[in-house]
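Results of the structural survey
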Amino acid sequence: MQPVIWSTTDRRGAPALRQWREMIDRSLFSLEINSAADSFHARLEQGALGPVLMSKLVAGPQAVDRTRRNIARTRDRQKLDLVAVRSGRFTYRQNGHDGVLHPGDCLLLDRSAPYRFEASESCSMTLALEHDWLARWIGDPAALAGRRIDGASGWGLALSAMLATLEIETVDRLALPGSALAEQIAGLLVLACEPERPARLSRPADNRLRELIADHAHDPAFDVAQAAAALGMSRRSLHLLCARDGQSFGQRLMAERLARARAMLLDARLRLPIGEIAWRCGFLDQGHFAKRFRAQYGMPPSALRA
């Protein structure tokens, strides 16, 4: 997508707040936004980082609620917003978590559950991560709702430093494709959240299976027998391992291949023929790829690229 830059320009106070509500509703999702500041102003910059939508928000003091009514109005795919604070002070509440954010800290907000945050004059970068895409690394993205990531230590520091370098207007000029950068951010996010991830996500065999599928999804010959042999278990044990998370081995493998193909189609710098993308993602037949892609995303690959 082409970068989008919008601001309240010369308007302040109530007219600017009204414009801001309308813009957020159109470009992000439904929220209740209020501000008592007579000088309220706001600016939004948006762009794509591979499969991830980035939004840089600069705004005056505001209180924001995501209510059940807002959630009911949303028809988009489930997403987790990774919010990186660049300036200002935030307080937040979601999923039994609450606290204060300072510059450098990050917060994970799940759009499918109510939340509230209040911010002073602030600047933040938000990355919208689809549950289905994030599930390649985290089995239950919704379990991370309301989690604060300390930007001053450990893997949180590494994640914060990477997010601090992203700018909407320069991301297309970076040496790596946006999809590759998005995957690196997802990896840092998993490492930063590791201490608080649910125990069921840390099963060694499950992690090894996820990595194995990611490493071999491009191979059309890769199957459950090869996966079981690589993990040192029987095929029956592998099927039972997959069943615990409600997806068969074939469903996991297909989801990985389709997610990878979608990321490549959305990357403006990878102008590969659709047949080449299908082949690189483990599909020998382009017609079969198109059928599976439409079933997963509601449109053929050519329509998504367009």
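Residues numbered from 1 in each chain as written. Predicted model: local features only at pLDDT ≥ 70, side-chain atom pairs only at ≥ 80, totals over all residues. Heavy atoms only, no water.

**Brief notes about the environment of Arg111**
Going by this rule: In this text, helices come from DSSP runs of H or I with a minimum length of four residues, and strands from runs of E with a minimum of two, each type numbered from the N-terminal end. As used in this structure description, the phrase polar contact means that two N or O atoms lie within 3.5 Å; if the pair is within protein, one of them must be able to donate a hydrogen and the other to accept it, and residues adjacent in sequence are counted only when both atoms belong to side chains.
Mapped onto the elements, Arg111 comes out in the loop between strand 9 (106–110) and strand 10 (115–119). Polar side-chain contacts of Arg111 include one of 2.8 Å to the side chain of Asp81.

**A few points about the packing of helix 9 (residues 249–266) against helix 11 (residues 286–297)**
Condition: A fitted line through C-alpha atoms serves as each axis, taken over the contacting stretch for helices, and the angle formed by two N-to-C directions is quoted from 0 to 180°. Angle categories: roughly parallel below 35 degrees, roughly antiparallel above 145, roughly perpendicular from 65 to 115, and oblique for all the rest. Any pair of residues with heavy atoms lying within 4.5 Å of one another is described as a contacting pair. All amino acids are sorted into three groups, where Ala, Val, Leu, Ile, Met, Phe, Trp, Tyr, Cys and Pro are nonpolar, Asp, Glu, Lys and Arg are charged, and the leftover types, Gly among them, are polar.
Running from amino to carboxyl end, helix 9 crosses helix 11 at an angle of 90°, the nearest separation of the two axes being 11 Å. With respect to their mutual orientation, helix 9 and helix 11 come out roughly perpendicular. Residue-level inspection shows Met254, Leu258, Ala259, Ala261, Arg262 and Leu265 of helix 9 in contact with helix 11, the latter providing His288, Phe289, Arg292, Phe293, Gln296 and Tyr297. Classifying every residue of the contact of helix 9 with helix 11 gives eight nonpolar, two polar and two charged.

**Structural notes on unusual backbone geometry**
We count it as follows: Exposure categories follow from relative accessible area, calculated using a 1.4 Å probe and restricted to protein chains: below 20% of the type maximum is buried, above 50% is exposed, and the middle band is partly exposed.
Of note, Asn95 is a non-glycine position whose phi angle comes to about 55°, a positive value. One can find Asn95 in the loop between strand 7 (90–94) and strand 8 (97–101). Given the relative accessible area of 49%, Asn95 is considered partly exposed.

**Some remarks on the confidence of the model for the protein chain**
Here is the rule we go by: The predictor attaches a confidence to each residue, and that confidence, scored 0 to 100, is pLDDT.
Summary statistics for the protein chain give a mean pLDDT of 89 and a share of 96% for residues scoring 70 or more. Here residues 196–203 is modelled with pLDDT under 50, and outside its nearest four sequence neighbours on either side it reaches 19 contacts, counting other chains as well.

**Focus: the sheet that holds strand 2 (residues 32–34)**
As a reminder, the rule being used: Each pair of strands is called paired provided DSSP finds at least two bridges between the two strands.
Strand order in the open sheet formed by five strands is 2-5-10-7-8, and the pairing between neighbours is antiparallel. Of all the strands in the sheet, just strand 2 and strand 8 have a single pairing partner and so form its edges. Each strand of the sheet is rotated relative to its neighbour by a mean of 10°, with strand direction disregarded. The sheet contact formed by strand 5 (residues 62–66) and strand 10 spans five bridges and is antiparallel. Bridged to Gln62 within strand 10 is Ala119.

**Observations regarding the packing of helix 4 (residues 154–164) against helix 5 (residues 178–193)**
The condition is simple: Here is the rule for handedness: rotate from the far helix to the near one, and if that takes an anticlockwise turn smaller than a right angle the crossing is left-handed, while a clockwise turn gives right-handed.
With their axes 8 Å apart at the nearest point, helix 4 and helix 5 run at an angle of 155° to one another. Judged by the angle between their axes, helix 4 and helix 5 are roughly antiparallel. Regarding helix 4 and helix 5, the two cross each other, and that crossing is left-handed. Across the interface between the two elements, Trp155, Gly156, Ala158, Leu159, Met162 and Leu163 from helix 4 touch Leu181, Gln184, Ile185, Leu188, Leu189, Leu191 and Ala192 from helix 5. When the residues that make up the contact of helix 4 with helix 5 are grouped by side-chain class, the tally is eleven nonpolar, two polar and no charged.

**Concerning the environment of Ala186**
In this structure, Ala186 sits in helix 5. Accessibility expressed as a relative area gives 3% for Ala186, which makes it buried. When the C-alpha positions of Ala186 and Phe29 are compared, they lie 22 Å apart, and in sequence the two are 157 residues distant. If sequence neighbours within four positions are ignored, Ala186 has contacts with Trp133, Leu134 and Trp137.

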